[in-house]
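# Architecture at a glance
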Amino acid sequence: METDDLAALAPRLPSPLEPVEDERFARRGLALLLKRDDLIHPDLPGNKWRKLALNLRAAAGRPVLTFGGAYSNHLRATAAAGRLLGFPTIGVVRGDELAGRPLNPSLARCAADGMRLEFTDRATYRAKHEPAVLAAFLARAPEGTYAVPEGGSNALAAEGCAALGRELSGRADVAAVACGTGGTLAGLAAGFDGRALGVPVLRGGFLGGEVRALQAAAFGGPRGDWRLDERFHCGGYGRSNPELDLFVRDFEARHGLAIERLYVAKMLFALVSLAEEGAFAPGTRIAAVVTGAPDALTRDGD
């Protein structure tokens, strides 16, 4: 795939950086900025564009096989890219119990964009990165198929997300991003001249190792100043609680901006909580990366 093929999709890069007047930050001498990656492209918004772009160039028009849950944002973005750029896509979906059921709206959109869906049991799905398991998936795909991991997070994705850090360098002191698979934080930290903060949206405590592994694969070793704050997953992936729900409604009312609930809400909740804890020195410019927009189809994205 030529560079011009992706450029023809007219991504909005660099994405806008918008100041937000919020007294919870202002009274502590802090500036809140929203990095609007959700505005990069209507079908490949936010970190989906940044993580897929270099992978699609590496695939060079070959079929692409990737993985996700039944409401995966990543599957939908990959299917949309296949439709827009004219290459076949195969989506391996977690949960073989879904095979005999009508497609939910998210998977129906994938299918409408031409993605071939393959449902697999959860034990096999968990082992998808093992060479023998991945080889079995590829053996059922067209010859020459290019595999992209769940959430799009691999070394090329981290390299693509380093551009996010470069766009923020000199314009923010702290950059915060919600984390699912760690690829965005790995790249953000590598390209950024300030401190990168990752807010995991799921439990487990494993993301630090994932970020380090991605940076080693992409850049040859650790890069940037980054840390994780594991306190704001609100019970796990796709989970919420009354405090988070109240926060989202209040933030939307204050700023007239609808907030994506699975990722962005937890990251913004973390920033307000950290500001109230005094975690940021007066004068700090804090960039909150808006990695996606609200979507009625999104329940189990990655």
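Along each chain, numbering runs from 1 in the same order as the chain's sequence is written. Only residues with pLDDT of 70 or above have their local features reported here, since the model is predicted, and side-chain atom pairs are shown and tallied only from 80 upward, although totals for entire chains, interfaces and linings are computed over all residues. Just so you know, side-chain values use all the structure's heavy atoms and leave hydrogens and water out.

Bringing the pairing of strand S3 (residues 64–68) into the picture now. Accessible area is worked out with a 1.4 Å probe on protein chains only. A residue is then buried under 20% of its type maximum, exposed over 50%, and partly exposed in between. Runs of E in the DSSP output that reach at least two residues are strands. Runs of H or I that reach at least four are helices, and both are numbered from the N terminus. A large share of S3 lies buried, amounting to five of its five residues. Burial along S3 is two-sided: the residues Val64, Thr66 and Gly68 and Leu65 and Phe67 are all buried. Pairing geometry for S3 and strand S4 (residues 89–94), over five bridges, is parallel. In the strand pairing of S4, Thr66 is matched with Gly91. Handedness of the crossover joining S3 and S4 through helix H4 (residues 73–85) is recorded here as right-handed. In this sheet, strand S6 (residues 146–147) lies alongside S3 in parallel orientation, the contact comprising two bridges. Along S6, the bridge assignment pairs Val64 with Tyr146. Two strands qualify as a pair provided DSSP detects at least 2 bridges between them. Handedness of a crossover: with both strands directed away from the viewer, a clockwise path from the first strand across the helix to the second marks it as right-handed.

Bringing the pattern of salt bridges into the picture now. In the sections that follow, a salt bridge refers to a side-chain nitrogen of Lys or Arg positioned within 4 Å of a carboxyl oxygen of Asp or Glu. This structure, assessed with the given rule, holds 21 salt bridges. Residue Asp22 pairs with Arg24 through a salt bridge whose shortest N-O separation is 2.8 Å. For Asp22, a relative accessible area of 3% translates into the label buried. The exposure class of Arg24 is buried, given its relative accessible area of 7%. The partner of Asp229 in a salt bridge is Arg231, with the nearest N and O atoms 2.9 Å apart. Linked by salt bridges that have partners in common, Asp22, Glu23, Arg24, Arg27, Asp250 and Arg254 make up one network.

Okay, the sheet that holds strand S1 (residues 17–20) next. Backbone-to-backbone hydrogen bonds join strands into a sheet, with any given pair of strands oriented parallel or antiparallel. Read across the sheet, six strands follow the order S1-S2-S10-S7-S8-S9 without closing on themselves; strand pairing throughout is mixed. Two strands in the sheet have a free side with no partner beyond their single neighbour: S1 and strand S9 (225–228). Averaged over neighbouring strand pairs, the angle between their axes works out to 25° when direction is ignored. Sheet analysis places strand S2 (residues 31–35) next to strand S10 (residues 285–289), joined by five bridges and oriented parallel. Note that in S10 the partner of Ala31 across the bridge is Arg285. Helix axes are fitted to C-alpha atoms over the stretch in contact, other axes to C-alpha atoms as well, and angles between N-to-C directions run from 0 to 180 degrees.

Time to look at the sheet that holds S3. Taken together, the four strands give an open sheet; going across it, the order is S5-S4-S3-S6, and neighbouring strands pair in parallel fashion. Each of the sheet's edge strands pairs with one partner strand only, and the pair in question is strand S5 (115–120) and S6.

Glancing now at the environment of Gly194. Within the fold, Gly194 resides in the loop between helix H9 (183–191) and strand S8 (195–200). We classify Gly194 as buried; its relative accessible area is 17%. C-alpha of Gly194 to C-alpha of Pro19: the two residues are 175 residues apart in sequence and 18 Å apart in space.

When two rings of Phe, Tyr or Trp (its six-membered ring) have centres within 6.5 Å they constitute a pair, described as stacked for plane angles under 30 degrees, edge-to-face for angles over 60, and tilted for the intermediate range. As enumerated under the stated definition, the model contains six aromatic pairs in all. Ring centres 6.3 Å apart and planes at 75° place the aromatic pair Phe67 and Tyr125 in the edge-to-face group. Residue Phe67 is found in strand S3, and its partner Tyr125 is found in helix H6 (residues 122–126); the two are separated by 58 residues along the sequence. Overall, the relative accessible area of 2% leaves Phe67 in the buried class. Between Phe67 and Phe137 the ring centres are 5.6 Å apart and the planes differ by 75°, which places this aromatic pair in the edge-to-face class. With Phe67 in strand S3 and Phe137 in helix H7 (residues 131–139), this pair connects stretches of sequence that are 70 residues apart. One exposure class covers both Phe67 and Phe137, and it is buried. Each residue in the set Phe232, Phe247, Phe251 and Phe269 is aromatic and connected to the rest through ring pairs, giving one cluster.

At their nearest, the axes of helix H3 (residues 47–59) and H4 sit 11 Å apart, and the two run at 50° to each other. Accordingly, the angle class assigned to the pair H3 and H4 is oblique. In the packing of H3 onto H4, the handedness of the crossing is right-handed. Between H3, through Lys48, Leu52 and Leu56, and H4, the contact on the second element is made entirely by Asn73, His74, Ala77, Thr78, Ala81 and Leu85. In terms of residue class, the contact of H3 with H4 is built from five nonpolar, three polar and one charged. Geometric relationships in this document are graded by angle, where less than 35 degrees denotes roughly parallel, more than 145 denotes roughly antiparallel, 65 to 115 denotes roughly perpendicular, and other angles denote oblique. Left-handed is the label given to a crossing in which the near helix is rotated counterclockwise from the far helix by less than a right angle, and right-handed is the label when the rotation is clockwise. Pairs of residues are marked as contacts when any of their non-hydrogen atoms sit within 4.5 Å. Residue type decides the class: Asp, Glu, Lys and Arg count as charged, Ala, Val, Leu, Ile, Met, Phe, Trp, Tyr, Cys and Pro as nonpolar, and the leftover types, Gly among them, as polar.

Okay, the pairing of S10 next. Across the five residues of S10, four count as buried, placing the element largely inside the fold. Where strand S7 (residues 174–179) meets S10, three bridges bridge the pair, whose relative direction is parallel. Considered in S10, the bridge of Val174 is made with Ile286.

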